[in-house]
Amino acid sequence: MQCENTTLSLLKVNDFVAKAIRDRLPDVLVINVCSSPGSGKTTLMQETGKRLQNRLNMAVLVGDPETERDAIRMREVGINALQIVTGGMCHIEAQMIYQALDHIDLTGVDVLFIENVGNLVCPAAFDLGEDYRVTLLASTEGDDKPKKYPRMFLTSELMVVSKADLLPYVPFKVDNVVADARDINPDIEVITLSSLTGEGMEAWCEWLVAKAETKRRVAIAA
Ligand SMILES: Nc1nc2c(ncn2[C@@H]2O[C@H](COP(=O)(O)OP(=O)(O)OP(=O)(O)O)[C@@H](O)[C@H]2O)c(=O)[nH]1
Ligand SMILES: [Mg+2]
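As the structure is a computational prediction, the values presented were derived from the model and not from experiment.

A. Inspection of the overall build of the chain at higher detail. Of regular secondary structure, the chain possesses eight helices and seven strands. Whereas a compact globule of 222 residues would reach a radius of gyration of roughly 17 Å, the chain reaches 17 Å, a difference of no more than 12%. A principal-axis box enclosing the C-alpha atoms of the chain has dimensions of 50 × 45 × 40 Å. Residues counted as buried form 41% of the 222 residues belonging to the chain. Within the chain, contacts between residues separated by at least 24 positions form 76% of all contacts whose residues are at least 6 apart in sequence.

This is the structure:
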């Protein structure tokens with residue numbers, strides 16, 4: 001009972017900070033990118049940066065238990081990126097994002113991506129002040145994951161089936177994951193793509209541009 005109360009109050013604190021993040025970024029589209037380790041989050045950020053460099057200004061806060069490797073990879077392709085080292089923690093909490101906002105220049109930024117720690121369980125429980133949660137599921141992970149990790153798919157607006165170039169070589173049925181994900185969350189959108197071949201990247205980029213425009217329009221009207 002004691003434990004339940006502690007968990008509840010910690011999540012309430014997180015929600016309070018998540019609201020403060022939303023208040024701080026009224027005209028920046030914030031996307032929380034989640035997945036298992038290695039599903040292709042950083043590679044997708046790199047390719048998105050290359051494709052949208054003339055259309056959207058983007059920045060990335062990237063969380064990992066250790067190392068600055070992902071932020072370095074993104075900076076190498078010209079993306080404004082800051083690493084959050086969680087010191088072994090399996091997810092990012094809103095407080096980490098709130099503090100990181102003081103250390104990244106968001107002047108003129110249209111989209112702030114948060115690359116969460118690779119994990120399909122813990123990140124699902126923490127609102128980071130995002131507008132949209134996007135969960136990647138790679139073709140190499142098996143098509144049984146949405147039903148095994150339902151909270152992640154229940155709380156995501158978009159499921160990205162990544163590494164589509166490997167679909168011919170692995171026993172993974174896109175129809176099965178879409179059916180399972182929509183069983184959990186009937187409204188979840190789905191984009192299938194490959195950061196390597198570029199298949200599906202246009203649909204992903206158009207999705208982002210549309211969401212960024214809507215966010216900007218709403219902010220101007222407010
Ligand atoms: N075949 C194929 N490989 C990919 C694709 N996207 C990423 N990869 C490879 O998958 C591996 C992991 O990619 P990352 O982008 O580092 O994955 P991540 O989700 O950021 O990993 P963590 O941050 O450690 O959770 C790398 O070797 C990538 O080159 C893709 O579309 N197709
Ligand atoms: Mg990464």
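On we go from here.
B. Main features of the packing of helix α2 (residues 41–52) against helix α8 (residues 201–221). Orientation of α2 relative to α8, taken along the N-to-C sense of each, is 75°, at an axis distance of 11 Å. As summarised for this structure, α2 and α8 are arranged roughly perpendicular, according to the angle between their axes. Across the interface between the two elements, Glu47, Thr48, Arg51 and Leu52 of α2 pack against Met201, Cys205 and Leu208 of α8.

C. Structural context of α2. In a regular helix each residue adds 1.5 Å, so 12 residues correspond to 16 Å; α2 covers 16 Å between its end C-alpha atoms and thus fits that length. Those residues of α2 lying buried are Lys41, Thr42, Leu44, Met45, Gln46, Glu47, Thr48 and Gly49.

D. Fine view of the nonpolar core. Residues Val60, Leu112, Phe113 and Ile114 are the most contacted members of the largest nonpolar core, which totals 53 residues. Not counting the four nearest positions on each side in its chain, Ile114 is found in contact with Val30, Ile31, Asn32, Val33, Leu61, Ile92, Ile97, Leu128 and Glu130.

E. Here's a closer look at the environment of Met58. The residue Met58 is located in strand β2 (residues 58–64) in this model. Discounting residues that sit within four places of it in the chain, Met58 has contacts with Gly49, Leu52, Ile79, Val109, Asp110, Val111 and Phe113.

F. Representation of unusual backbone geometry. If you check the backbone angles, Thr67 has positive phi at about 75° while not being a glycine. Counting through the fold element by element, Thr67 comes out in the loop between β2 and α3 (69–76). The exposure class of Thr67 is exposed, given the 10 C-beta atoms found within 10 Å. Backbone geometry at Lys163 places phi at a positive 55°, although glycine is not the residue there. With respect to the secondary-structure elements, Lys163 resides in the loop between β6 (158–162) and α7 (174–184).

G. Local environment of the site of ligand 1. Surveying the vicinity of ligand 1 reveals 17 residues, the closest of which are Gly40, Lys41, Thr42, Thr43 and Gly118. The greatest single-element share of the shell around ligand 1, amounting to three residues, is contributed by α2. Per-class residue counts for the shell around ligand 1 are three nonpolar, 10 polar and four charged.

Cut-offs applied
Residues numbered from 1 in each chain as written. Chains lettered and ligands numbered in written order. Predicted model: local features only at pLDDT ≥ 70, side-chain atom pairs only at ≥ 80, totals over all residues. Helix = DSSP H or I, 4+ residues; strand = E, 2+ residues; numbered from the N terminus. Rg over C-alpha atoms; globule rule 2.2 N^0.38 Å. Buried ≥ 20, exposed ≤ 12 C-beta atoms within 10 Å, placed from the backbone. Contact = placed C-beta atoms within 7 Å. Axes fitted to C-alpha atoms, helices over the stretch in contact; angles between N-to-C directions. Parallel < 35°, antiparallel > 145°, perpendicular 65-115°, else oblique. Expected span 1.5 Å × (residues − 1). Core = buried A, V, L, I, M, F, W, Y, C linked by C-beta atoms within 7 Å. Near = placed C-beta within 6 Å. Nonpolar A, V, L, I, M, F, W, Y, C, P; charged D, E, K, R; others polar.

Geometry only, nothing functional implied.
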